[in-house]
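Observations on the three-dimensional arrangement
Read off the chains here:
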Amino acid sequence: MKTSVNDVKIIEVPTVSDTRGKLAVVEKDCIPFAVKRVYYLYDVPSDSYRGGHAHKNLYQFLIPLSGSFEVHLKDGENERKITLNKPNKGLLIVPGIWREIDNFSSGSVCLVLASNEYDESDYIRAYKDFELFKRT
Ligand code: TYD
């Protein structure tokens, strides 16, 4: 699969702001997939490490609802590190990208919108298998 870390991008979520606070809306045209699943990470210890896998077909949009964390991305050739720390800026991760998430700040919450239901067969959990997958 030919996707690269440069296909991963920050998308700004349109926000309505007034004296009462801010309201961010992820609507149909904001992200390039239909959402079939929503999950979130919370109560994450600061020394915790999440991810450590890639997906064959899944698109995900990660939103740091609270706090911050770092996303490390690999496509088999290049790497990128992106810090997420603004609740109106999410990260679109396309299929075929290895990701690791760490440096969670205290109380951070990561919301994930996903293009498909949970399916373990869509995961590539060994880096060697990922390298093979990228060559096909
Ligand atoms: P995993 O996707 O590996 O978490 P992370 O990438 O955050 O480290 O999932 C951790 C566990 O949770 C694994 O046993 C699968 C399970 N899980 C579900 O049952 N449903 C889901 O939607 C997700 C994302 C994970």
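**Description of the sheet that holds strand β6 (residues 60–66)**
- The strand order across the open sheet formed by five strands is β1-β9-β6-β11-β4, and the pairing between neighbours is antiparallel. Whereas interior strands pair on both sides, the edge strands pair on one side only; in this sheet they are β1 (9–12) and β4 (37–41). Across this sheet, the average inter-strand angle for adjacent strands is 25°, counted without regard to direction.
- Of the strand pairs in this sheet, β1 and strand β9 (residues 89–93) are connected by four bridges, and their pairing is antiparallel. Along β9, the bridge assignment pairs Lys9 with Leu92.

**Focus: the site of the ligand**
- The immediate surroundings of the ligand are formed by Arg37, Tyr39, Leu41, Arg50, Gly51, His53, Tyr118, Tyr123 and Arg125.
- Within the side chain of His53, an N or O atom sits 2.7 Å from an oxygen atom of the ligand.
- For the ligand, the accessible surface in isolation is 530 Å², of which the surrounding protein chains cover 61%.
- Across the shell around the ligand, the residue classes break down as four nonpolar, two polar and three charged.

**Thoughts on the side chain of Ser48**
- Mapped onto the elements, Ser48 comes out in the loop between β4 and β5 (50–55).
- On the basis of relative accessible area, Ser48 is assigned to the buried category, the value being 16%.
- Apart from the residues within four sequence positions on either side, Ser48 is in contact with Ile101, Asp102, Asn103 and Phe104.

**A closer look at the pairing of β9**
- Within β9, four of the five residues are buried, which leaves the element mostly enclosed by the surrounding structure.
- Taken together, the three bridges between β6 and β9 define a ladder with antiparallel strand orientation. The residue of β9 that forms the bridge with Leu62 is Leu91.

Rules behind the numbers
- Residues numbered from 1 in each chain as written.
- Predicted model: local features only at pLDDT ≥ 70, side-chain atom pairs only at ≥ 80, totals over all residues.
- Heavy atoms only, no water.
- Pairing = 2+ DSSP bridges.
- Helix = DSSP H or I, 4+ residues; strand = E, 2+ residues; numbered from the N terminus.
- Axes fitted to C-alpha atoms, helices over the stretch in contact; angles between N-to-C directions.
- Near = heavy atom within 4 Å.
- Polar contact = N/O pair within 3.5 Å; in protein donor to acceptor, adjacent residues only side chain to side chain.
- Areas by Shrake-Rupley, 256 points an atom, 1.4 Å probe, with all protein chains shown as cover.
- Nonpolar A, V, L, I, M, F, W, Y, C, P; charged D, E, K, R; others polar.
- Buried < 20%, exposed > 50% of the residue type's maximum accessible area, 1.4 Å probe, protein only.
- Contact = heavy atoms within 4.5 Å.

Note that all results are geometric; they support no functional claim without further evidence.
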